[in-house]
Amino acid sequence: MIIHTLGPQETDSNDAAHYYVQQKLAGKAQITLHDSYAEIIQCFSQYQNDFFLVPTAFKSAALNITWGELHYQYLDQLLLQDCFMHRLNPLVIIENCTRKNGIAYSHPATAKLLTSKVKLQHMRYSSSKYLAYQQYLCDGQYVLTNEKNIALSPNEKIVARYEPQMIWSLYQIKG
């Protein structure tokens, strides 16, 4: 069994995939990580009979779809096999207090949470919360990422912290 999901290893998707494999499959599955969910979705025909793990909070700026839209748009290519709850790693909104450029980085699914807490001028989307943090380090004033990703510097502060549960959907790819 091969499960395709979002990478890199630091993502919540990777954590959820490992949790599922240990809890439901006795460790007997291969997890394949991808740079974006869009990359997986665009290659469904190549992954026939493999599996696709995605959170119900899924949102793609590149494909302009949410989980609900994905679920219905790909009814002919996906068969929902299982759902489970698995907590996300704690989320934090970080501000670099020395930058005043209003640039913020976020995964599209968490962007509204970020904009509800801080005033910004430019939202830049990343394919994962891990990548959002890496991009923020270059020129961002704000980022919403996983707490485990950060190394807080003296010019940074945590604006907000969350510990959300997530529902994950495992689909079999019909191709």
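The model shown is predicted, which means the values in this text are computed figures rather than measured ones. (Residues numbered from 1 in each chain as written. Predicted model: local features only at pLDDT ≥ 70, side-chain atom pairs only at ≥ 80, totals over all residues. Heavy atoms only, no water.)

Visitor: Hey, could you run me through the overall build of the chain in this one?
Guide: Scanning the chain from terminus to terminus reveals five helices and twelve strands. Compactness check: the chain gives a C-alpha radius of gyration of 17 Å against a globular reference of 16 Å for 175 residues, within 12% of the reference. Principal-axis analysis of the C-alpha atoms places the extent of the chain at approximately 50 × 30 × 25 Å. Looking at the 175 residues of the chain, the share that counts as buried comes to 46%. Partitioning the contacts of the chain with sequence separation of at least 6, the portion at a separation of at least 24 is 71%. (Helix = DSSP H or I, 4+ residues; strand = E, 2+ residues; numbered from the N terminus. Rg over C-alpha atoms; globule rule 2.2 N^0.38 Å. Buried < 20%, exposed > 50% of the residue type's maximum accessible area, 1.4 Å probe, protein only. Contact = heavy atoms within 4.5 Å.)

Visitor: Teacher, can you tell me more about the sheet that holds strand S9 (residues 122-125) here?
Guide: Hydrogen bonds along the backbone pair up the strands of a sheet, which may run parallel or antiparallel. Spatially, S9-S8-S10-S7-S11 is the arrangement adopted by the five strands of the open sheet, whose pairing is mixed. Taken across any chain shown, the strands that pair with only one partner, and hence form the sheet edges, are S9 and strand S11 (156-162). On average, adjacent strands in this sheet sit at an angle of 25° to one another, irrespective of strand direction. By the bridge criterion, two bridges tie strand S8 (residues 103-106) to strand S10 (residues 142-146) in an arrangement that is parallel. Counterpart to Ala104 in the pairing with S10 is Tyr142. (Pairing = 2+ DSSP bridges. Axes fitted to C-alpha atoms, helices over the stretch in contact; angles between N-to-C directions.)

Visitor: Quick question: what am I supposed to make of the pairing of S8 here?
Guide: Remark: a regular strand shows side chains that alternate across the two faces of the sheet. Alternating positions in S8 separate into two faces, Ile103 and Tyr105 on one and Ala104 and Ser106 on the other, with burial throughout. The pairing of S8 with S9 spans four bridges and is parallel. Directly across from Ala104, in S9, lies its bridge partner Met123. Once you follow S8 into helix H4 (residues 111-117) and on to S9, the crossover reads as right-handed. (Right-handed = clockwise from strand over helix to strand, strands pointing away.)

Visitor: When you look at the packing of aromatic side chains in this model, what are you seeing that I'm missing?
Guide: Note on aromatic pairs: each is described by the distance of the centres and the angle between the planes. In the structure shown here, the tally under the stated rule is eight aromatic pairs. On the basis of an interplanar angle of 75° and a centroid distance of 6.2 Å, the ring pair of Tyr37 and Phe52 is categorised as edge-to-face. Here Tyr37, found in helix H2 (residues 37-41), pairs with Phe52, found in strand S3 (residues 51-55); they are 15 residues apart in sequence, far enough to count as distant. Since its relative accessible area comes to 0%, Phe52 is described here as buried. (Phe/Tyr/Trp six-rings, centres within 6.5 Å; stacked < 30°, edge-to-face > 60°.)

Visitor: I would appreciate a short explanation of unusual backbone geometry in the present structure.
Guide: A negative phi holds for most residues other than glycine; trans holds for most peptide bonds. Cis geometry marks the peptide bond from Gly7 to Pro8; its omega dihedral reads 5°. By the secondary structure assignment, Pro8 is in the loop between strand S1 (2-6) and helix H1 (12-24). One non-glycine residue with positive phi stands out, namely Ala26, at about 50°. Counting through the fold element by element, Ala26 comes out in the loop between H1 and strand S2 (30-34).

Visitor: Got a minute to help me understand the side chain of Lys129 in this structure?
Guide: By secondary structure assignment, the location of Lys129 is in helix H5 (residues 129-139). There is a polar contact of 3.0 Å between the side chain of Lys129 and the side chain of Asp12. Excluding residues that lie within four positions of it along the chain, Lys129 makes contacts with Asp12, Leu91, His107, Thr110, Leu144, Thr145, Asn146 and Asn149. (Polar contact = N/O pair within 3.5 Å; in protein donor to acceptor, adjacent residues only side chain to side chain.)

Visitor: I tried to follow the sheet that holds strand S12 (residues 167-173) on my own but got confused; where do I start?
Guide: Ordered in space as S2-S1-S3-S12-S6, the five strands form an open sheet in which the pairing is mixed. Because the sheet does not close on itself, it has two edges, and the strands there are S2 and strand S6 (78-85). Each strand of the sheet is rotated relative to its neighbour by a mean of 25°, with strand direction disregarded. Bridging between S3 and S12 involves five bridges; their strand directions are antiparallel. Within S12, the position partnered with Phe52 by the bridge is Tyr171. The strands touched by H1 within the sheet are S1, S2, S3, S6 and S12, with S1 carrying the most contacts at an inclination of about 155°.

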